[in-house]
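Residue-level structure breakdown
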Amino acid sequence: MIRLSEPIIDKTTLAAISEVLMSGQLASGAQVEAFQERFSTIAAPGTQCVAVNSGTAALHVALLAAGIGPGDEVILPAFTFAGTANAVAATGATPVFADVEPDTALINLKHVDSLVTSSTAAIIPVHLYGNPVDMTKCMQLGRKYGLFVLEDAAQAHLAKHRGQPVGTLGHAAAFSFYATKNMTTGEGGMITTLDQSFAERCRVLRNQGQIHRYEHTVPGWNYRMTNIAAAIGLSQLTHIAEWTFKRQDNASAYEAMLPKNLLIHRDKRDEHVFHQFTLRVPDGDREQLREHLKRYGVQSDVYYPTPLHKQPAFLTTQYLPGAEKLSKNVLSIPVHPSLTPNDVDYVAESLISFVNTSHTTAIGDKGET
Ligand SMILES: *Cc1c(COP(=O)(O)O)cnc(C)c1O
């Protein structure tokens, strides 16, 4: 079976974990400090980094540090992981769903503009699948209305917009280190920002609202990262650049082999880091294609089958055609760095054999999707 994702853990990682365990300093300490420091040189250069125990916690703390709470509206794409909206809801603010562009699967900034009200406090652009949002336009929109812009970079470690790394483009950003992400700590997250006092507020919020030992200035949480997780993260950081190149290489190979109408568009001036390599399969063909790939031993999955405005937790009466269509059409195939060139050829050939044998499909035709 060619799997959709495989975390890579090497011997140095095991050694680093043992060292933490033997040291007796398991909670937040030296490894967490070192991980934050290294993340600010490798992934989000020049930023202040605040490590937390999940990507959702990173989003939540960043929103709180921006002063967002009950009565505020926060605009985010309807087509994203639920964690983006859950973090908004956790602050007491209202998530407001913008549509996504059907060809890029990224937030539709024109639609965002039309959703802004006097209660809007923030926008969360999501770099979905590792494909960066046009942050130049997003920041222009943020400035136009005086909004806080929080990048959801959970899937986009090392991605770049016009040469600038994600995590350095908005007022703040949230990364995730969940097991399937481009780099992992098991569970974990990071807030990045160029604003020192914002970072300081985040540090206080992640640690019970504590500014000095047993002096609590605001209500806070326990969102601290452990030294065990940070030791894994430090080891992962030494590989992330090489792993990213491999993802991009695998993706380029797919792009050269597969029918163009199956591909999600990306801006060639930006750097997509392919957390997922996602296809748009014409209406009605997706389940058959999944079955076909399964017979060939190729795992595939749907991110995400239901847009957030159709979820019971966040139900609205909106019609969001981009999100609704993509949720029916998207299919992600393996692109992770452990694939060999043979694996990539095999996956592409499996797909092409479906295109060639399918009678009902519009795959391979020009217009569809
Ligand atoms: C993974 C993910 C999150 C949440 O991260 P966790 O570490 O799982 O809490 C948020 N947004 C997006 C887009 C994600 O992919």
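1. Considerations on the nonpolar core
Among the nonpolar cores identified, the biggest contains 111 residues, and F35, F39, Y254 and F277 are the most heavily contacted of them. Ranked by residue count, the leading element in this core is helix α3 (residues 55-65), at 7 residues. If we skip the residues at most four places from it in the chain, F39 touches A44, C49, F175, F177, M183, M190, T192 and L237.

2. What to know about the confidence of the model for the protein chain
Here the protein chain averages 96 in pLDDT, and 97% of its residues register 70 or above. Contacts from residues 365-369, a stretch scored under 50 in pLDDT, to residues over four places away or in other chains number 11 contacts.

3. What about the site of the ligand?
The local shell around the ligand holds 13 residues, among which G55, T56, D152, S176 and K181 are the closest. Here an oxygen atom of the ligand and a backbone polar atom of G55 are 2.7 Å apart. Here an oxygen atom of the ligand and a side-chain polar atom of S176 are 2.7 Å apart. Contact with the protein chains hides 93% of the accessible area of the ligand, taken as 380 Å² for the molecule alone. Classifying every residue of the shell around the ligand by side-chain character gives 3 nonpolar, 8 polar and 2 charged.

4. Points about the side chain of H127
Here H127 is to be found in the loop between β4 (120-123) and α6 (135-145). Residue classification places H127 among the buried positions, given a relative accessible area of 0%. Side chain to side chain, H127 and E151 meet in a polar contact 2.8 Å long. Once you skip the residues sitting within four places of it in the chain, H127 turns out to touch L106, P132, V133, M135, E151, D152, A153, Q155, A156 and V166.

5. What to know about the pattern of salt bridges
Tallying each qualifying case throughout the model produces 11 salt bridges. Between R162 and D270 there is a salt bridge, and its shortest N-O distance comes to 2.8 Å. Here R162, found in the loop between β6 (160-161) and β7 (164-165), pairs with D270, found in the loop between α9 (240-257) and β12 (277-280); they are 108 residues apart in sequence, far enough to count as distant. You can call R162 partly exposed: its relative accessible area is 34%. Overall, D270 belongs to the buried group, its relative accessible area being 8%.

6. Re the packing of aromatic side chains
Following the criterion strictly, the structure yields 13 aromatic pairs and no others. For the ring pair F81 and Y304, a centre distance of 6.1 Å and an interplane angle of 40 degrees mean the geometry is tilted. Taken together, the residues span a long stretch of sequence, with F81 in the loop between β2 (73-77) and α4 (82-91) and Y304 in the loop between α10 (286-295) and α11 (321-329) at a distance of 223 residues. Aromatic ring contacts, followed pair by pair, group F35, F39, F175 and F177 into a single cluster.

7. Considerations on a nonpolar patch on the surface
A surface patch of nonpolar side chains, amounting to about 330 Å² of accessible area, comprises L21, M22 and L26. Along the chain, L26 falls in the loop between α1 (11-23) and α2 (30-42). Relative accessible area serves as the criterion here: at 38%, L26 is assigned to the partly exposed category.

8. What to know about the packing of α10 against helix α12 (residues 341-357)
Following both chains from N to C, one finds α10 and α12 inclined at 130 degrees, their axes separated by 10 Å at the closest point. Classed by the angle they form, the pair α10 and α12 counts as oblique. Handedness of the α10/α12 crossing: right-handed. Contact residues: α10 offers Q288, L289, H292 and L293, while α12 offers S350, L351, S353 and F354. Of the residues contributing to the contact of α10 with α12, the split by class is 4 nonpolar, 4 polar and no charged.

9. Comments concerning unusual backbone geometry
The peptide bond linking Y303 to Y304 adopts the cis configuration, its omega dihedral lying at 10 degrees. Here the phi dihedral of R162 falls at roughly 50 degrees; this positive angle occurs in a residue that is not glycine. Unlike most non-glycine residues, Q208 shows phi in positive territory, near 60 degrees.

10. Here's the deal with α10
What α10 keeps buried is the set R286, L289, H292 and L293. Seen end-on, α10 carries its buried residues on one side only, within an arc spanning 120 degrees. Facing away from the buried side of α10, by more than 90 degrees, are the exposed residues K294 and R295. Summarising the contacts, the buried residues of α10 are in contact with α11, β13 (330-333) and α12.

Thresholds, definitions, all that
Residues numbered from 1 in each chain as written. Predicted model: local features only at pLDDT ≥ 70, side-chain atom pairs only at ≥ 80, totals over all residues. Heavy atoms only, no water. Core = buried A, V, L, I, M, F, W, Y, C linked by side-chain atoms within 4.5 Å. Buried < 20%, exposed > 50% of the residue type's maximum accessible area, 1.4 Å probe, protein only. Helix = DSSP H or I, 4+ residues; strand = E, 2+ residues; numbered from the N terminus. Contact = heavy atoms within 4.5 Å. pLDDT = per-residue confidence, 0-100. Near = heavy atom within 4 Å. Polar contact = N/O pair within 3.5 Å; in protein donor to acceptor, adjacent residues only side chain to side chain. Areas by Shrake-Rupley, 256 points an atom, 1.4 Å probe, with all protein chains shown as cover. Nonpolar A, V, L, I, M, F, W, Y, C, P; charged D, E, K, R; others polar. Salt bridge = Lys/Arg side-chain N within 4 Å of Asp/Glu carboxyl O. Phe/Tyr/Trp six-rings, centres within 6.5 Å; stacked < 30°, edge-to-face > 60°. Patch = residues over 30% accessible without salt bridge, like charges linked within 9 Å, V, L, I, M, F, W, Y side chains within 5 Å. Axes fitted to C-alpha atoms, helices over the stretch in contact; angles between N-to-C directions. Parallel < 35°, antiparallel > 145°, perpendicular 65-115°, else oblique. Left-handed = near helix turned anticlockwise from the far one by under 90°. Arc of directions from axis to C-beta.

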